[in-house]
Amino acid sequence: MRKLGMFFRYFTITLALAAVVFASGCSKKPKEEESAVPTAVAADENASGDSDSGKAMGLQTVNFPYDSFVLDEEAKRVLKSNADIIKAKPSVRIQIEGHCDQRGGIQYNIALGEKRANATKKYLEDLSISGERITTISFGKERPLDQDTTEAAYTKNRRANFVITSR
């Protein structure tokens, strides 16, 4: 029995060492040309990015009331402006990310974030943006803009964010 225990101890140590060696061998340095920022992107800082950071060709994030996926008049105004930008760039594809504040359960907020993203997509489709150019995803409460637990922070986190996925 003692030999069997020693065998497993050495086997575990050997596996751990093999994992370390394997992991260190997998992290190769990128080639020079791979790590360089493409000239087109460097020239236009808004070539890619997201609306939360302000680097999505002028697209703006849409905010929602507490526990709601209904677009208010301000959200509709923002989406009309976003639709004009998207129409002017017919090759651009976007992803709409639905987000919630930190309150509520994980499953509830994933579902609410999905409803927010889908409501945003539907409104853009109603404004003649092809649904084929838009994907949606929900992050629920997992990616807050503001970690604070104030109403102002919660308001920032209840949103639909736009991400440029291709130009």
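Report follows, based on the coordinates. Treat the numbers as computed from the prediction; the structure is a model and nothing was measured.

### Re the packing of aromatic side chains
Inference 1: Counted by the stated rule, this structure contains zero aromatic pairs.
Inference 2: Above the face of the Phe 139 ring, Arg 143 is positioned so that its terminal group lies 3.8 Å from the ring centre.

### Side note on the pairing of strand 4 (residues 159-166)
Side-chain direction in a regular strand flips from residue to residue, so the side chains alternate between the two faces of the sheet.
Inference 1: Taking burial as the measure, the eight residues of strand 4 include six buried ones, the bulk of the element.
Inference 2: Here two bridges tie strand 1 (residues 62-63) to strand 4, and the two strands are oriented antiparallel to one another. Along strand 4, the bridge assignment pairs Asn 63 with Arg 159.
Inference 3: Inspection of the sheet shows strand 2 (residues 93-99) paired to strand 4 by seven bridges, in the antiparallel sense. By the bridge assignment, His 99 is partnered in strand 4 with Arg 159.

### Examining helix 4 (residues 73-88)
Inference 1: The first and last C-alpha atoms of helix 4 sit 23 Å apart over 16 residues, in line with the 22 Å expected at 1.5 Å per residue.
Inference 2: Turning to helix 4, its buried residues are Ala 75, Val 78, Leu 79, Asn 82, Ala 83 and Ile 86. Buried residues of helix 4 fall within an arc of 145 degrees about the axis and therefore sit on the same side. Seen from the buried face of helix 4, the exposed residues on the opposite side, beyond 90 degrees, are Glu 73, Asp 84 and Ala 88.
Inference 3: As for helix 4, its buried residues are in contact with strand 1, strand 2, helix 5 (106-126) and strand 4.
Inference 4: Here helix 4 starts with a cap whose side-chain oxygen sits 3.3 Å from the backbone nitrogen of Glu 74, and that cap is Asp 72.

### Observations regarding the sheet that holds strand 1
Inference 1: Pairing within the open sheet is mixed, and its four strands lie in the order 1-4-2-3. For this open sheet the edge positions go to strand 1 and strand 3 (134-140), each flanked by a neighbour on one side alone.
Inference 2: Running over the sheet, helix 5 touches strand 2, strand 3 and strand 4 and is turned about 155 degrees from strand 3.

### Quick notes on the pairing of strand 2
Inference 1: A large share of strand 2 lies buried, amounting to six of its seven residues.
Inference 2: Strand direction decides the pairing type here: strand 2 and strand 3, joined by six bridges, are parallel. Residue Gly 98 lies in a different strand from strand 3, and its bridge partner there is Ser 138.

### With respect to unusual backbone geometry
Inference 1: One non-glycine residue with positive phi stands out, namely Asp 67, at about 55 degrees.
Inference 2: Residue Asp 67 is classed as partly exposed on the basis of its relative accessible area, which comes to 42%.

### Details of the nonpolar core
Inference 1: Val 62, Ile 94, Ile 96, Leu 124 and Phe 162 are the most contacted members of the largest nonpolar core, which has 23 residues in total.
Inference 2: Mapped by element, the contributors of at least two residues to this core are helix 4, strand 2, helix 5 and strand 4.
Inference 3: Considering each element in turn, this core owes the most residues, five residues, to helix 4.
Inference 4: The contacts of Ile 94, once residues within four sequence positions are left out, are Leu 59, Ile 86, Leu 124, Arg 133, Ile 134, Thr 135, Phe 162, Val 163, Ile 164 and Thr 165.

### A few points about the packing of helix 4 against helix 5
Inference 1: Where helix 4 meets helix 5, the closest approach of the two axes is 10 Å, and the angle between their N-to-C directions is 60 degrees. One finds that helix 4 runs oblique with respect to helix 5. The two elements helix 4 and helix 5 cross, and the hand of that crossing is right-handed. Along its contact with helix 4, which presents Lys 76, Leu 79, Lys 80, Ala 83 and Ile 86, the element helix 5 presents Thr 120, Tyr 123 and Leu 124.
Inference 2: Looking at side-chain class alone, the contact of helix 4 with helix 5 contains five nonpolar, one polar and two charged residues.

### Observations concerning helix 5
Given 3.6 residues to a turn, an α-helix orients residues that are three or four positions apart in the same direction.
Inference 1: With 21 residues, helix 5 extends 30 Å from end C-alpha to end C-alpha; this agrees with the ideal 30 Å at 1.5 Å per step.
Inference 2: Those residues of helix 5 that are buried lie in contact with helix 4, strand 2, strand 3 and strand 4.
Inference 3: Of the residues one or two after helix 5, Ser 128 is the one with positive phi, at around 75 degrees.

Criteria and thresholds
- All residue numbers here refer to positions counted from 1 along the written sequence of the relevant chain.
- For a predicted model such as this one, the threshold for reporting local features is a pLDDT of at least 70, and the threshold for listing and counting side-chain atom pairs is 80 or more; totals across whole chains, interfaces and linings nevertheless cover every residue.
- With hydrogens and water stripped out, all remaining heavy atoms of the structure feed into the side-chain values.
- The aromatic pairing rule takes the rings of Phe, Tyr and Trp, using the six-membered ring of Trp, and pairs them if the centres are within 6.5 Å, calling planes under 30 degrees apart stacked, those over 60 edge-to-face and the rest tilted.
- Geometrically, a lysine NZ or arginine CZ counts as sitting over a ring once it is within 6 Å of the ring centre and also within 35 degrees of the ring normal.
- The buried label goes to any residue with under 20% of its type's maximum accessible area, the exposed label to any with over 50%, and the partly exposed label to all in between, with areas taken from a 1.4 Å probe on protein chains only.
- Helix and strand assignments come from DSSP, with helices taken as H or I runs of at least 4 residues and strands as E runs of at least 2, each series counted from the N terminus.
- Here, any two strands with at least 2 DSSP bridges between them count as paired.
- In this scheme, a helix's expected span is set at 1.5 Å multiplied by one less than its residue total.
- Each direction from the helix axis to a C-beta atom contributes to the arc, which is the arc of those directions.
- The criterion used for residue contact is that any of the two residues' heavy atoms lie within 4.5 Å.
- Distance and chemistry together define a polar contact, namely a pair of N or O atoms within 3.5 Å, with one atom able to donate a hydrogen and the other to accept it when in protein, and with adjacent residues in sequence counting only for side-chain atoms on both sides.
- To obtain an axis, a line is fitted to C-alpha atoms, over the contacting stretch when the element is a helix, and the angle between two such axes runs from 0 to 180 degrees between their N-to-C directions.
- Residues belong to a common nonpolar core when they are buried Ala, Val, Leu, Ile, Met, Phe, Trp, Tyr or Cys residues joined through side-chain atoms within 4.5 Å.
- Convention used here: angles under 35 degrees read as roughly parallel, angles over 145 as roughly antiparallel, angles from 65 to 115 as roughly perpendicular, and any remaining angle as oblique.
- Each crossing gets its hand from how the near helix is turned against the far one by less than a right angle, where anticlockwise is left-handed and clockwise is right-handed.
- Ten residue types, Ala, Val, Leu, Ile, Met, Phe, Trp, Tyr, Cys and Pro, are classed as nonpolar, four, Asp, Glu, Lys and Arg, as charged, and the remainder, Gly among them, as polar.

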